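Observations on the model geometry
So you can see what is in the structure, the chains are spelled out below.
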Amino acid sequence: MVFKMKKFTFSLAKLKQYKERMLEAEKNNLGILRRDLVGLQNQLSEINGIIEIKHDELNETMKKGTTPVDISVRKRFLTSKKQDAALKQIDITKKENEVQAQLEVVIELQKEVASLEKLEEAQLEEYRAAEQKEVELFIDEFITNADFRKQNKDI
């Protein structure tokens, strides 16, 4: 007579696996959004760098003396770049909002996965307690049978 209890299986294992896959996909989406945001921020930095350089060039040109047409062209270029910077800032704000919304999705999924993990731990503890109880019952039964056989042997 050998004691054998069935292997532990989490009753919501498929749901947990599904949620874990969803979480990984959403984390990947969050990473892509963050990468895009960094790209936009880098583009804005480049635009601001160009504005600064061209502004300094304009000041130098005005000090040395130049034509009004040249000054006008340079100022229009600066105005255009400032508008580009303003539009890029709008894009950054939108992307930051997308990142924040995606972060909330990821956090919610992390909470769901964590609650499923806690539930799995609780079920595992119940399984271990039931297994311990079965082992104790098996040992008690074995001892009782051994005593019974010993008593019948002595007779």
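In short, a report on the structure.

Another aspect to go through is the overall build of the protein chain. Helix and strand content of the protein chain: 2 helices and 0 strands. Rg of the C-alpha trace for the protein chain: 36 Å, well past the compact-globule value of 15 Å for 155 residues, more than 25% over. If you line up the protein chain on its principal axes, its C-alpha atoms span 130 × 25 × 15 Å. When burial is assessed residue by residue, the protein chain has 18% of its 155 residues classed as buried. Put simply, of all contacts in the protein chain between residues at least 6 apart along the chain, 88% involve residues at least 24 apart.

A few words now on the side chain of Glu26. Here Glu26 shows up in helix H1 (residues 13-64). Lys19 provides the closest opposite charge to the buried, unpaired Glu26, separated from it by 10 Å. The contact partners of Glu26, leaving out residues within four places of it in the chain, are Gln102, Val105, Val106 and Leu109.

The end-to-end C-alpha distance of H1, which contains 52 residues, comes to 76 Å, matching closely the 76 Å that a straight helix rising 1.5 Å per residue would cover. Positioned one or two residues after H1, Gly65 has a phi angle of 100°, which is positive.

So, how was this worked out
- Residues numbered from 1 in each chain as written.
- Predicted model: local features only at pLDDT ≥ 70, side-chain atom pairs only at ≥ 80, totals over all residues.
- Heavy atoms only, no water.
- Helix = DSSP H or I, 4+ residues; strand = E, 2+ residues; numbered from the N terminus.
- Rg over C-alpha atoms; globule rule 2.2 N^0.38 Å.
- Buried < 20%, exposed > 50% of the residue type's maximum accessible area, 1.4 Å probe, protein only.
- Contact = heavy atoms within 4.5 Å.
- Lys, Arg positive; Asp, Glu negative; His and termini not counted.
- Salt bridge = Lys/Arg side-chain N within 4 Å of Asp/Glu carboxyl O.
- Expected span 1.5 Å × (residues − 1).

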